[in-house]
Amino acid sequence: MDAEALEREGLAAAAAATTSEEIESVRVEYLGRKSVLKQALREVRDRETGMTLNAVRVRLEEAIDAREAELARAELDERLTTERVDVTLPVGGYERGRLHLITQIRREVEDVFLGLGYTVVDGREVELTHYNFDGLNFPPAHPARSSLASLFVDDEVVLRTETSPSQIRAMEGQQPPVYICTLGRVYRRDTPDATHSPIFHQVEGLAVDEGITLADLKGTLRHLLRQLFGEDVDARFVTDFFPFTEPSLGAYVSCFVCKGAGCRLCKYEGWIEIGGSGMVDPNVLRFVGYDPDRVSGFAFGWGLERIAIVRHGVPDIRMLWEDDLRVLGQF
Ligand code: DAH
């Protein structure tokens, strides 16, 4: 073997390599286990040849290392320029998220009441029957106390069937005047259909002060209706019954589908109920230690899903729970 020729050839090959892969094959070819040089080294018998071949090996190694480093640096530079990310470019293709329709309505209602000077308070979704029924003047045999209608944890604990128990907790915690509202989920043992859901949302409002009358109730609720549905919303109040109010009033707005003419959605009534209200029953005031001869109040509990259905023409309440972005993205 001609060591000099081999070295020249190896150095030339290293110099000619233009990529990391090429220099790697040069290394394998000239310094790899099966290379001519390595084989020759293995067979060396005399010291002089050994020293010569080793010197060639060292010089080839150095040349290949140097070329490899050079190529790696050049390749890195190349990548740094071609793969550079311009962080100042506008980001495209991402859709902004938004609040769920029910959350939007919830916040709107909160804003209306904050604007009227009310305090927004929290209630409990897992509630004592003491607050959910007893404090609200439900008679012992009322159907809502049945496990067929309500979801009980045990005899004394129930998933609240309405936001009204928050009224009792609010009044227990302070003396009049009371101006509070509370919003959140309520639970009933209902099978889901177009207008029923075992979980839904209510807004509860309560005002207790000296000299509160039914006129205050209607004025306040008409204000809320105008804020939610616009200035010329068609609304009416009809007598109703709730154990905790006397008298009781149901609030109706005209049906969004038929504009009052009568259709399937409104069961040919032309009106859709948004929720109940009334003057706080003296029994309820007494339950929390208030004097019904000195103070009076009104209360209401409306469904947020109902508001959504009427305002946006949502044909089926279940759509609000299905998390289909094609639906939710419209609001
Ligand atoms: N809690 C009633 C319901 O879920 C709604 C309601 C009616 C709330 C009258 C009130 C009220 O505060 O005064 O059907």
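All of these numbers come straight from a predicted model, not from anything done at the bench.

Enquirer: Looking at this structure, I do not really get the sheet that holds strand 1 (residues 119–120). What am I missing?
Expert: As a general point, the strands of a sheet are linked pairwise by backbone hydrogen bonds and lie either parallel or antiparallel. Taken together, the seven strands give an open sheet; going across it, the order is 1-5-6-10-9-8-7, and neighbouring strands pair in mixed fashion. Edge positions in the open sheet fall to strand 1 and strand 7 (235–242), since each of these has one partner strand only. Judged from the two bridges that link them, strand 1 and strand 5 (residues 178–187) form a sheet pairing that is parallel. Each bridged residue has a counterpart across the sheet, and for Thr119 the counterpart in strand 5 is Ile180. In the packing of helix 5 (residues 101–115) onto the sheet, contacts are made with strand 1, strand 5, strand 6 (199–209) and strand 10 (296–303), and the angle to strand 5 comes to roughly 170 degrees. Taken strand by strand, helix 10 (residues 304–312) contacts strand 5, strand 6, strand 8 (245–254), strand 9 (271–280) and strand 10, and its axis lies near 145 degrees from that of strand 9.

Enquirer: Got a minute to help me understand the packing of aromatic side chains in this structure?
Expert: Per the stated rule, a full pass over the model turns up eight aromatic pairs. The interplanar angle of 80 degrees and the centroid separation of 5.5 Å between the aromatic rings of Tyr118 and Tyr179 together place this pair among those described as edge-to-face. Taken together, the residues span a long stretch of sequence, with Tyr118 in the loop between helix 5 and strand 1 and Tyr179 in strand 5 at a distance of 61 residues. The exposure class assigned to Tyr118 is buried, which follows from its relative accessible area of 7%. Every member of this aromatic cluster is reached through a ring pair, and the members are Phe113, Tyr118, Tyr179, Phe300 and Trp302. The ring of Tyr131 has Arg169 lying over it, and the distance from NZ or CZ to the ring centre is 4.0 Å.

Enquirer: When you look at the nonpolar core in this model, what are you seeing that I'm missing?
Expert: Considering soluble globular proteins, one finds that nonpolar side chains tend to be buried as a cluster. By size, the foremost hydrophobic cluster in this structure holds 43 residues, and its most contacted members are Val109, Leu224, Phe298, Phe300, Trp302 and Leu304. When residues of this core are assigned to their parent elements, the largest contribution, six residues, is made by helix 5. Apart from residues no more than four positions distant in its own chain, Phe300 is found in contact with Phe113, Val203, Glu204, Gly205, Leu221, Leu224, Gly276 and Ser277. Counting 21 residues, the second-largest nonpolar core is a separate cluster that includes Met171, Val284, Tyr290 and Ala299.

Enquirer: What exactly am I supposed to notice about unusual backbone geometry here?
Expert: Note: most peptide bonds trans; most residues except glycine with negative phi. With an omega of 0 degrees, the peptide bond running from Pro176 to Pro177 counts as cis. Tracing the sequence through the fold places Pro177 in the loop between helix 7 (165–172) and strand 5. A cis amide bond links Glu246 with the next residue in sequence, Pro247, at an omega value of -5 degrees. Take Pro247: it is sitting in strand 8. Phi at Lys259 is positive, roughly 55 degrees, even though this residue is not glycine. Positionally, Lys259 belongs in the loop between strand 8 and strand 9. We note that Lys267 has phi near 55 degrees; this positive angle belongs to a residue other than glycine.

What counts and what doesn't
- Per chain, residues are indexed from 1 in the order of the written sequence.
- Only residues with pLDDT of 70 or above have their local features reported here, since the model is predicted, and side-chain atom pairs are shown and tallied only from 80 upward, although totals for entire chains, interfaces and linings are computed over all residues.
- Water and hydrogen atoms play no part in the side-chain values, which are based on all heavy atoms of the structure.
- By this definition, two strands are paired if DSSP reports at least two bridges between them.
- Helix and strand assignments come from DSSP, with helices taken as H or I runs of at least 4 residues and strands as E runs of at least 2, each series counted from the N terminus.
- Whether two residues touch is decided by their heavy atoms; if any such pair falls within 4.5 Å, the residues are in contact.
- Only the stretch in contact is used when fitting a helix axis, every axis being a line fitted to C-alpha atoms; angles between N-to-C directions are given from 0 to 180 degrees.
- In this scheme Phe, Tyr and Trp rings, the latter by its six-membered ring, pair at centre separations within 6.5 Å, and the angle between planes marks the pair as stacked below 30 degrees, edge-to-face above 60, and tilted otherwise.
- Only protein chains enter the area calculation, which uses a 1.4 Å probe; residues under 20% of their type maximum are buried, those over 50% are exposed, and those in between are partly exposed.
- For a Lys NZ or an Arg CZ to count as sitting over a ring, it must be within 6 Å of the ring centre and within 35 degrees of the ring normal.
- In this description, a nonpolar core means a group of buried Ala, Val, Leu, Ile, Met, Phe, Trp, Tyr and Cys residues linked to one another through side-chain atoms lying within 4.5 Å.

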